[in-house]
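Each chain, written out:
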Amino acid sequence: MYPVDRHSARLSLRELVIDDVEAVHSIYGNAEATAHLSFTPRSREEVGRIVSRSIASAADSPRVEYALGVVQRDSGDVIGFARLAMDPHQQRAATIGFALRPDSWRVGYGRETVRLLLTLAFIDLDLHRVWAARAPMNTASAKTLLASGMTEEGVIRGHVHVHGAWRDSITYGILREEWSAGEES
């Protein structure tokens, strides 16, 4: 599916363009924004490669990754990076993740982003299952995933090597029949 163009009341998910490198770097290059992610802050050059790779992967057939900009509808600013990737180990399943600029935290944008990703998964891509993982210390993400209708499923021990150590991940999942489209469509 190309292009992705999903909207909620305040946000849009859209395909990345090369002009988004600076906006994505304001997230992926930020120590606070990446504190609970599976990597340390990225350089501008690394983010440029990530955005270029994301743009190129949008043309793949079949498309297995949706790396998208999270855009504030009223300002047009890219405030986040959202990703849905097909899970090669499960039928009609995908994993999701997202990161937002710290100045856009605590206003419900995370929940809206997850709901938009779930709408993409269940409506546009007709998937059966979506899962996500978070760092154990990321309690804000736990609240966001639960508020979006996902269920905590368990712990993957020693899942991610970051900051020189192995870290567990707490997983969440949702099935199509458990999901409700709500205000997104």
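Residues numbered from 1 in each chain as written. Predicted model: local features only at pLDDT ≥ 70, side-chain atom pairs only at ≥ 80, totals over all residues. Heavy atoms only, no water.

Overview of the overall build of the chain
Thinking step 1. Tallying secondary structure elements over the chain gives five helices and eight strands in all.
Thinking step 2. The N-to-C order of helical and strand elements in the chain reads β-β-α-α-α-β-β-β-α-β-α-β-β.
Thinking step 3. A compact globule built from 185 residues would reach a C-alpha radius of gyration of about 16 Å, and the chain, at 15 Å, matches this within 12%.
Thinking step 4. Dimensions of the chain along its principal axes, counting C-alpha atoms only, are 40 × 35 × 35 Å.
Thinking step 5. A burial count over the chain gives 48% of its 185 residues as buried.
Thinking step 6. Counted over contacts in the chain with a minimum sequence separation of 6, partners at least 24 positions apart contribute 60%.
Thinking step 7. Only carbon and sulfur atoms are counted for the fraction: they give 51% of the accessible area of the chain, which is about 9200 Å².
Thinking step 8. The averaged location of the 24 negative side-chain charges in the chain is 3 Å from the averaged location of its 21 positive side-chain charges. (Helix = DSSP H or I, 4+ residues; strand = E, 2+ residues; numbered from the N terminus. Rg over C-alpha atoms; globule rule 2.2 N^0.38 Å. Buried < 20%, exposed > 50% of the residue type's maximum accessible area, 1.4 Å probe, protein only. Contact = heavy atoms within 4.5 Å. Areas by Shrake-Rupley, 256 points an atom, 1.4 Å probe, with all protein chains shown as cover. Lys, Arg positive; Asp, Glu negative; His and termini not counted. Charge placed at Lys NZ, Arg CZ, Asp CG, Glu CD.)

Side note on the sheet that holds strand β3 (residues 65-72)
Thinking step 1. Ordered in space as β1-β2-β3-β4-β5-β6-β8-β7, the eight strands form an open sheet in which the pairing is mixed. Since the sheet does not close on itself, it has two edges, and those belong to β1 (5-7) and β7 (151-162), each with one partner. For this sheet, the mean inter-axis angle between neighbouring strands, taken without regard to orientation, is 25°.
Thinking step 2. Pairing of β3 with strand β4 (residues 78-86), which is carried by seven bridges, proceeds in the antiparallel orientation. (Pairing = 2+ DSSP bridges. Axes fitted to C-alpha atoms, helices over the stretch in contact; angles between N-to-C directions.)

Thoughts on the pattern of salt bridges
Thinking step 1. Within the structure shown, the criterion is met by 10 salt bridges.
Thinking step 2. In this structure, arginine 63 and glutamate 15 form a salt bridge, with 2.8 Å as the shortest nitrogen-oxygen distance. Separated by 48 residues along the polypeptide, arginine 63 in the loop between α3 (44-57) and β3 and glutamate 15 in strand β2 (residues 11-15) bring together distant segments of the chain. Taken as a pair, arginine 63 and glutamate 15 share a single burial class, namely buried.
Thinking step 3. Residue arginine 83 pairs with glutamate 65 through a salt bridge whose shortest N-O separation is 2.5 Å. Taken together, the positions of arginine 83 in strand β4 and glutamate 65 in strand β3 put the pair 18 residues apart, joining distant regions of the chain.
Thinking step 4. Counted as one network, the salt bridges with shared partners bring together Arg92, Asp126 and Arg176. (Salt bridge = Lys/Arg side-chain N within 4 Å of Asp/Glu carboxyl O.)

Description of the packing of aromatic side chains
Thinking step 1. Counting across every chain of the model gives three aromatic pairs.
Thinking step 2. With a centroid separation of 4.8 Å and 70° between ring planes, the pair formed by tyrosine 28 and phenylalanine 39 is classed as edge-to-face. Here tyrosine 28 is found in helix α1 (residues 21-28), whereas its partner phenylalanine 39 is found in the loop between α2 (31-34) and α3, with 11 residues between them in sequence. Across this residue pair, the class does not change: tyrosine 28 and phenylalanine 39 are buried.
Thinking step 3. With a centroid separation of 5.0 Å and an interplanar angle of 50°, the aromatic rings of tyrosine 28 and phenylalanine 81 are classed as tilted. Of the two residues, tyrosine 28 is situated in helix α1 and phenylalanine 81 in strand β4; the sequence distance between them amounts to 53 residues. (Phe/Tyr/Trp six-rings, centres within 6.5 Å; stacked < 30°, edge-to-face > 60°.)

Observations concerning unusual backbone geometry
Thinking step 1. The step from tyrosine 2 to proline 3 runs through a cis peptide bond, and the omega angle for that step is -5°.
Thinking step 2. Examined against the element boundaries, proline 3 turns out to sit in the segment before β1.
Thinking step 3. Phi at arginine 92 takes a positive value of approximately 50°, unusual for a residue other than glycine.
Thinking step 4. Classification of arginine 92 as partly exposed rests on a relative accessible area of 46%.
Thinking step 5. The backbone of histidine 163 sits at a positive phi, close to 55°, despite the residue not being glycine.
Thinking step 6. Tracing the sequence through the fold places histidine 163 in the loop between β7 and β8 (165-175).
Thinking step 7. Take histidine 163: its relative accessible area is 54%, and that puts it in the exposed class.

Scope: geometric values only; no functional claims are made or implied.
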